[in-house]
Amino acid sequence: MSKNFKDKVREQFSRTAESYVQSPGFAHGEDLEEAARLLKPTQDDILLDVACGGGHTALFFAPMVRSVVASDLAMQMLKRAQEFISEDGGVENVTFREADAEDLPFPAGAFTLLTCRIAPHHFPDVPRALAEFHRVLRRGGRMAIIDTLLPDDPEIAEFMHAYEQMRDPTHVRSYSRQEWTQMVEAADFILHDIKVLPKTHDFQEWARRTGLNRDRVQKLNKLFIEASAKIQDFFQVETFAGEVESFTDQKILIHASRPAKKPHVQATKQQEA
């Protein structure tokens, strides 16, 4: 996609930075706990948090590792994340860097851990981002990606795309489990595990986080209210007096690593043996 789209992303997330920092949905979550369990961070690890948003993932992992670099495309979001962590985080091992996930300004093999949480659906070119993740990870480095999971049912998937676009014009698309598997393996990662976790959203907070005005929130509410019974059942839509109170989607957690050695080196050693 064009440079204009990324400028649009910068503008959107700079404008809504405060609401993301204050969002309880980002501050906590089963996904963070599960990512830590899978990654097994240690005090020897150097972590890159790509598209850090309000800084919650960087802050969560900071006490577990030697250091964290929190990167984001939107400078205003990055500044607000820095303020949040500096004021309330109680950690001193987080640094901040403006960065495009598809063109990371870091040397090859600079990190032993990488996280990217609830962001890839904004990336114009996820395979290119994954290639960059592979490049900046050290051999044997571990990665956890968390994002919204695209349902396999075409009707439900189409509905999800519609509400995501209505809520946030910088949404590109979400991906299915099969698509994620193919992209991660095509980027030469070793795929260790995939977890699917439910995430319940307070509808009003979720809708207003992206800066929607009252009229647009109501249009989004109407989309959910008028959805088919199958869609409402899938998203566990809870309503009261014609207003959506909450809904539940699914997040995918991908745990993968960069191979410790080049494949041809391993094959040569096996042949020599």
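What counts and what doesn't
Residues numbered from 1 in each chain as written. Predicted model: local features only at pLDDT ≥ 70, side-chain atom pairs only at ≥ 80, totals over all residues. Heavy atoms only, no water. Helix = DSSP H or I, 4+ residues; strand = E, 2+ residues; numbered from the N terminus. Expected span 1.5 Å × (residues − 1). Buried < 20%, exposed > 50% of the residue type's maximum accessible area, 1.4 Å probe, protein only. Arc of directions from axis to C-beta. Contact = heavy atoms within 4.5 Å. Polar contact = N/O pair within 3.5 Å; in protein donor to acceptor, adjacent residues only side chain to side chain. Pairing = 2+ DSSP bridges. Right-handed = clockwise from strand over helix to strand, strands pointing away. UniProt positions renumbered as here; feature names shortened; annotations may be inferred.

It helps to recall that an α-helix has 3.6 residues per turn; residues three or four apart then point in one direction. Helix length check: helix H8 (residues 154–167) (14 residues) gives 20 Å between terminal C-alpha atoms against 20 Å at 1.5 Å per residue, within 8%. Taken residue by residue, H8 has Ile 156, Ala 157, Phe 159, Met 160, Tyr 163, Glu 164 and Arg 167 as its buried positions. With its buried residues spanning 160° around the axis, H8 presents them on a single face. Projecting away from the buried face of H8 at angles above 90 degrees are the exposed residues Pro 154 and Glu 158. On the buried face of H8, the contacting elements are helix H2 (17–21), strand S5 (137–148), helix H10 (203–208), helix H11 (214–225), helix H12 (229–234) and strand S8 (243–257). The backbone nitrogen of Glu 155 has a side-chain oxygen 2.9 Å away, supplied by the residue at the start of H8, namely Asp 153.

Further remarks concern the pairing of strand S2 (residues 67–72). Of all six residues that make up S2, five are buried, and the element is covered over most of its length. Two elements, strand S1 (residues 46–50) and S2, share four bridges in a ladder whose sense is parallel. Bridge assignment links Asp 49 to a residue of S2, and that residue is Ala 70. Taken together, S1, helix H5 (residues 56–61) and S2 constitute a β-α-β crossover, and its handedness is right-handed. As defined by bridge partners, S2 adjoins strand S3 (residues 94–98) across five bridges and the pair is classed as parallel. In the strand pairing of S3, Ser 71 is matched with Arg 97.

With that settled, consider the UniProt feature "domain: Methyltransferase type" (unreviewed entry) in the protein chain. Per the UniProt record, "domain: Methyltransferase type" (unreviewed entry) is annotated on residues 48–145. Taken as a whole, residues 48–145 contains 32% helix and 31% strand, while its terminal C-alpha atoms sit 12 Å from one another.

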